[in-house]
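# Summary of structural features
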Amino acid sequence: MENARLYTMTDAALAVRVEELSVMQRIDRELNTSLDPSRAMNITLEWAMRQSGTHAGLVGTVQEDGLLVMAAQGYGDDPLAAAGNLLPVEMQWLEAVIETGRPQRRLLAEGEPGGLLPGARSQAALAIQREEKVIGILLLESRAVELVAEETLDFLVRLSDHASIAIANAQLYAQVQQANLAKSEFV
């Protein structure tokens, strides 16, 4: 009886893992179809929100003076979360994510400021890092009073790892294009 129960549990865990790998394969295909950094960030954000069930989110690149929003969903017409806006890092408790590279989750008390989403009750922030350097942040917000589940957070970490490669490749491609343009102008 015990072996049958263990077999069933192992089989269920394996099925979940196979489904996750299938989803990750689809995401990789989407990420690698373009060398546009903003498209890669939009794809990352869409999948992160879909898998986590959050109401809003944004992805931005880390700059010296803040977080440059590259993609945002669920914020309506809020100019603070609009693409191209520079968010101060202190505003969203993101310093810890940038410094450590580890995901952060937190619950907000009702009416507590700190969320870009009106009525936000929970937040999750994940680093998008290339090697040891944090190049971006994925911020997810929800009106639900529950943290992103640990299994979902693990998936989101893997998603941000895959996204970091696509984003870094797109940024390198843009730099090569600029260098080629500068070379052509010089010649």
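Structure: see above.
Predicted model, so just to flag it, every value in this text is computed and none were measured.

## Things to note about the overall build of the protein chain
- The helix and strand inventory of the protein chain stands at four helices and six strands.
- N-terminal to C-terminal, the α/β element order of the protein chain is α-α-β-β-β-α-β-β-β-α.
- Seen as two clouds, the 15 positive and the 26 negative side-chain charges of the protein chain have centres 5 Å apart.

## A few points about a nonpolar patch on the surface
- A surface patch of nonpolar side chains, about 250 Å² in accessible area, is lined by L107, V145 and L147.
- Of note, L107 is situated in strand β4 (residues 104–107).
- The partly exposed category is assigned to L107, whose relative accessible area is 43%.

## Quick look at helix α4 (residues 150–186)
- For α4, with 37 residues, the first-to-last C-alpha span of 53 Å sits near the 54 Å given by 1.5 Å per residue.
- On its buried side, α4 packs onto α1 (2–31), α2 (37–52), β4, β5 (122–130) and β6 (133–142).

## Topic: the sheet that holds strand β3 (residues 86–87)
- Pairing is antiparallel in the open sheet, where six strands are placed in the order β3-β2-β1-β6-β5-β4. The open sheet has two edge strands with one neighbour each: β3 and β4.
- As judged from the nine bridges shared by β5 and β6, these two strands associate in the antiparallel manner. By the bridge assignment for β6, Q129 is matched with V134.
- Across the sheet, α4 is in contact with β1 (56–63), β4, β5 and β6; its angle to β5 comes to roughly 40°.

## Digging into the packing of α2 against α4
- Remark: α2 packs on α4, axes separated minimally by 9 Å, with the N-to-C direction vectors making an angle of 175°. With respect to α4, the element α2 is oriented roughly antiparallel. Across the interface between the two elements, P37, A40, M41, T44, W47, A48, Q51 and S52 of α2 pack against T152, F155, L156, L159, A163, A166, I167, A170 and Q171 of α4.
- Grouping the constituent residues of the contact of α2 with α4 by class yields twelve nonpolar, five polar and no charged.

## Digging into the pairing of β5
- With seven of its nine residues buried, β5 lies for the most part within the structure.
- Pairing geometry for β4 and β5, over four bridges, is antiparallel. Looking at the pairing, Q104 lines up with A125 of β5.
- Where β5 folds back on β6, the antiparallel hairpin that results is connected by two residues, among which E131 adopts a positive phi of roughly 60°.

## Quick word on the environment of L117
- For L117, the location among the structural elements is in the loop between β4 and β5.
- With relative accessibility at 2%, the residue L117 sits in the buried group.
- Between the C-alpha atom of L117 and that of S142, which follows or precedes it by 25 residues, the distance is 7.7 Å.
- If we ignore the near neighbours within four places in the chain, the residues touching L117 are H55, A56, G74, Y75, E141, S142 and R143.

## A few points about the nonpolar core
- In this structure, I27, L138, L156 and L159 are the most contacted members of the largest nonpolar core, which totals 27 residues.
- Elements supplying a minimum of two residues to this core: α1, α2, β5, β6 and α4.
- The contact partners of L138, leaving out residues within four places of it in the chain, are L45, A48, L58, V59, A124, A125, L126 and I128.
- Core analysis: the next-biggest nonpolar cluster, separate from the first, contains 20 residues, A56, V69, L94 and L108 among them.

Reading the values: the criteria
Residues numbered from 1 in each chain as written. Predicted model: local features only at pLDDT ≥ 70, side-chain atom pairs only at ≥ 80, totals over all residues. Heavy atoms only, no water. Helix = DSSP H or I, 4+ residues; strand = E, 2+ residues; numbered from the N terminus. Lys, Arg positive; Asp, Glu negative; His and termini not counted. Charge placed at Lys NZ, Arg CZ, Asp CG, Glu CD. Patch = residues over 30% accessible without salt bridge, like charges linked within 9 Å, V, L, I, M, F, W, Y side chains within 5 Å. Areas by Shrake-Rupley, 256 points an atom, 1.4 Å probe, with all protein chains shown as cover. Salt bridge = Lys/Arg side-chain N within 4 Å of Asp/Glu carboxyl O. Buried < 20%, exposed > 50% of the residue type's maximum accessible area, 1.4 Å probe, protein only. Expected span 1.5 Å × (residues − 1). Contact = heavy atoms within 4.5 Å. Pairing = 2+ DSSP bridges. Axes fitted to C-alpha atoms, helices over the stretch in contact; angles between N-to-C directions. Parallel < 35°, antiparallel > 145°, perpendicular 65-115°, else oblique. Nonpolar A, V, L, I, M, F, W, Y, C, P; charged D, E, K, R; others polar. Core = buried A, V, L, I, M, F, W, Y, C linked by side-chain atoms within 4.5 Å.

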